Amino acid sequence: MIARRKALHRVWRDNFVPLVASIFLKFPEVRGFGNDDLVVMECENHVELEEVVAYLLAKGLNMTRDGAFEDFAIVHGTHGIPLPCRWLDYRPDANGALIRFKTESDPLDLSVIESGYEGPGWIAARGHGFMIAQEDDYDVWVDFTTGGTIISLRQPALSIEREKLQGT
């Protein structure tokens, strides 16, 4: 997850340093680093991700606005940025991917980027979300409207085969 420092300063004003520090005190397993433009929070699993998202939302940040990331973004190292984000750029390369801050003067790049990812990065039928895990009988994704983790159950393969044999 990546937050814009400008947004953190805008929302947290005089409490910027204590509130940023509180993220890493409350979630000691989340690694963090940053620069003059961004604060990066590396979450290891969807549970951590959901908890940090909920914390940032409770502290007054906006995850999305008008279908795009606003104050902070969820970025997957392999799959990229699942929603438009005017302040981040994601470029896959031979070593993985480059994620960089885009200044307001950066021109908009409309070229198509092939990441090779063929899984469901968007779940439009159920709202905006980003798939973070897929198992044989369920999917786990983050809903960008609420910041919550959604688990979508699938019928077990055995039940599907039984239905096919029964003709239903």
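Below is a short write-up of the structure.

About the thresholds
Residues numbered from 1 in each chain as written. Predicted model: local features only at pLDDT ≥ 70, side-chain atom pairs only at ≥ 80, totals over all residues. Heavy atoms only, no water. Helix = DSSP H or I, 4+ residues; strand = E, 2+ residues; numbered from the N terminus. Buried < 20%, exposed > 50% of the residue type's maximum accessible area, 1.4 Å probe, protein only. Arc of directions from axis to C-beta. Contact = heavy atoms within 4.5 Å. Pairing = 2+ DSSP bridges. Axes fitted to C-alpha atoms, helices over the stretch in contact; angles between N-to-C directions. Phe/Tyr/Trp six-rings, centres within 6.5 Å; stacked < 30°, edge-to-face > 60°.

1. Focus on the environment of W141
- As for its placement among the helices and strands, W141 is situated in strand β10 (residues 138–143).
- According to the relative accessible area criterion, W141 is buried, its value standing at 2%.
- For the pair W141 and S152, spaced eleven residues apart in sequence, the C-alpha separation works out to 8.2 Å.

2. Considerations on helix α2 (residues 16–26)
- By the burial criterion, the buried members of α2 are F16, L19, V20, S22 and I23. Along the axis of α2, the buried residues cluster in a sector spanning 150°; they form a single face. Facing away from the buried surface of α2 by more than 90 degrees, the exposed residues are V17 and L25.
- Buried residues belonging to α2 abut α1 (5–12), β3 (38–42) and α3 (46–58).

3. Side note on unusual backbone geometry
- Located in the positive-phi region is R13, a residue other than glycine, with phi close to 40°.
- Counting through the fold element by element, R13 comes out in the loop between α1 and α2.

4. What about the sheet that holds β3?
- Read across the open sheet, the four strands follow the order β2-β3-β1-β6; overall the sheet is antiparallel. The open sheet is flanked by β2 (31–34) and β6 (72–73), the only strands paired with a single partner.
- By the bridge criterion, four bridges tie β2 to β3 in an arrangement that is antiparallel. Among the inter-strand pairings, G32 is bridged to a residue of β3, identified as M41.
- Across the sheet, α2 is in contact with β2 and β3; its angle to β3 comes to roughly 10°.

5. Examining the packing of aromatic side chains
- In this structure the tally under the stated criterion is one aromatic pair.
- For the pair F27 and Y55, a centre-to-centre distance of 5.6 Å together with 80° between the ring planes defines the contact as edge-to-face. Taken together, the residues F27 in the loop between α2 and β2 and Y55 in helix α3 connect sequence positions 28 residues apart. For the pair F27 and Y55, a shared accessibility class is recorded, and that class is buried.

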